[in-house]
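Now for the letters of each chain:
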Amino acid sequence: NSQEKIDTAKRELEYVRKQHPLKMDVADTSVTVVIPVKDMQQYVIKAIESVRRQTHENWRLMLVDDGSTDGTQKVVRDFMEEYNDNRIEFYIFHENRGDRVACNYAAGMAQSEYFMCLSADDLIEPTFMERCIDVLKLNAQIELVASQTDFIDAEGKPYTEGHPFKLIVKAANKSRAEWLARLYNGNVYFGAGMFRTKMLRDVGGWRQEYKQLSDYA
């Protein structure tokens, strides 16, 4: 049954970890963040600001405009001119190619140890990068750290009324064993996550034929 398979997999994983301990250089804590954006002029600047507010400062932000037809390109250029932050770069696709293409494009150029995608209408807490890196540095076998999600409205205020996404379960709702059983059957939603860049390249990045939500790995 499923529980027996999970228990067997856990025993096999522990055996491999003991036989092949990973020794990794954790001195490099650089992060590349990509924000794919299309027609999000009212949200994208807040997403950028949430990156600039990080307590971890060793990051590079790549904004990839995916064929916007509104004022997105102007608001991004105006922001970059005003703040002149040399960690921020802006790339433009002159036709819509899809946000997975944008993420793969950025991952292909990333020279950082870690990589993350951030949707143009999402925000991350100031300690997000710092906390993700702490987990990845301490756990050599972990390739991805994902977050919980709180849902906000267009004004940035928490939803107080019913919303379909609020039905998505959170880690606090289940024990570790229950989550392992749940994950055995497939992926679950997460809002933002940090990957090891090498792992992303090893698996070939995001595959376009999978029409998952952008926030899914």
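First, a word on scope: everything that follows refers to the structure included in this document. Just so you know, these numbers come straight off a predicted model, no measurement behind them. (Residues numbered from 1 in each chain as written. Predicted model: local features only at pLDDT ≥ 70, side-chain atom pairs only at ≥ 80, totals over all residues. Heavy atoms only, no water.)

With that settled, the discussion passes to the sheet that holds strand E4 (residues 114-117). Spatial strand order, E3-E2-E1-E4-E6-E5: six strands in an open sheet with mixed pairing. In this open sheet, the two edge strands, each paired with only one partner strand, are strand E3 (88-93) and strand E5 (144-146). Taking the axes of each pair of neighbouring strands and ignoring which way they run, one obtains an average angle of 20° across the sheet. Pairing geometry for strand E2 (residues 59-66) and E3, over six bridges, is parallel. By the bridge assignment, Leu-63 is partnered in E3 with Phe-90. Across the face of the sheet, helix H2 (residues 44-52) comes into contact with strand E1 (31-37), E2 and E3 while running at roughly 165° to E2. (Pairing = 2+ DSSP bridges. Helix = DSSP H or I, 4+ residues; strand = E, 2+ residues; numbered from the N terminus. Axes fitted to C-alpha atoms, helices over the stretch in contact; angles between N-to-C directions. Contact = heavy atoms within 4.5 Å.)

Most of E1 sits inside the fold, with seven of its seven residues counted as buried. Covered by surrounding structure in E1 are Val-31, Val-33, Ile-35 and Val-37 together with Thr-32, Val-34 and Pro-36, the residues of both alternating faces. By the bridge criterion, seven bridges tie E1 to E2 in an arrangement that is parallel. Paired with Thr-32 across the two strands is Arg-60, which belongs to E2. After leaving E1, the chain enters H2 and then returns to the sheet as E2, a path that is right-handed. (Buried < 20%, exposed > 50% of the residue type's maximum accessible area, 1.4 Å probe, protein only. Right-handed = clockwise from strand over helix to strand, strands pointing away.)

This brings us to the packing of H2 against helix H3 (residues 72-83). As a packed pair, H2 and H3 sit with axes 10 Å apart at the nearest point and diverge in direction by 35°. Like other packed secondary-structure pairs, H2 and H3 cross with a definite hand, here right-handed. Of the residues in H3, those touching H2 at Val-44, Ile-45, Ile-48, Glu-49 and Arg-52 are Thr-72, Val-75, Val-76, Phe-79 and Tyr-83. (Left-handed = near helix turned anticlockwise from the far one by under 90°.)

Three- or four-residue spacings in an α-helix give side chains the same orientation, since the helix completes a turn every 3.6 residues. All of the buried residues along H2 are Val-44, Ile-45, Ala-47, Ile-48, Ser-50 and Val-51. The inward-facing, buried residues of H2 contact E1, E2, H3, E3 and helix H5 (128-138).

To continue, consider the environment of Ser-119. One can find Ser-119 in the loop between E4 and H5. Residue Ser-119 is classed as buried on the basis of its relative accessible area, which comes to 18%. The spacing of Ser-119 and Tyr-43 is 76 residues in sequence and 9.7 Å in space, taken between C-alpha atoms.

Attention now moves to the side chain of Thr-197. Here Thr-197 shows up in helix H7 (residues 197-203). In this structure Thr-197 comes out as buried when scored by relative accessible area, which is 2%. At 3.0 Å, the side chain of Thr-197 and the backbone oxygen of Ser-112 are in polar contact. Thr-197 has contacts with Ala-110, Ser-112, Glu-113, Tyr-114 and Phe-115, leaving out every residue within four places of it along the chain. (Polar contact = N/O pair within 3.5 Å; in protein donor to acceptor, adjacent residues only side chain to side chain.)

Another point: unusual backbone geometry. For Asp-39, which is not glycine, the phi dihedral falls at a positive 55°. Inspection of the secondary structure assignment puts Asp-39 in the loop between E1 and H2.

Now for the packing of aromatic side chains. Tallying each qualifying case throughout the model produces five aromatic pairs. Where Phe-195 meets Trp-206, the ring centres are 5.6 Å apart and the plane angle is 85°; that geometry is what we call edge-to-face. Taken together, the positions of Phe-195 in strand E6 (residues 193-196) and Trp-206 in the segment after H7 put the pair 11 residues apart, joining distant regions of the chain. Since its relative accessible area comes to 7%, Trp-206 is described here as buried. Taken together, the ring pairs connect Tyr-91, Phe-93 and Tyr-105 into an aromatic cluster. Taking NZ or CZ as reference, Arg-97 lies 4.3 Å from the ring centre of Phe-93, over its face. The ring of Trp-206 has Arg-100 lying over it, and the distance from NZ or CZ to the ring centre is 5.1 Å. (Phe/Tyr/Trp six-rings, centres within 6.5 Å; stacked < 30°, edge-to-face > 60°. Lys NZ or Arg CZ within 6 Å of the ring centre and 35° of its normal.)

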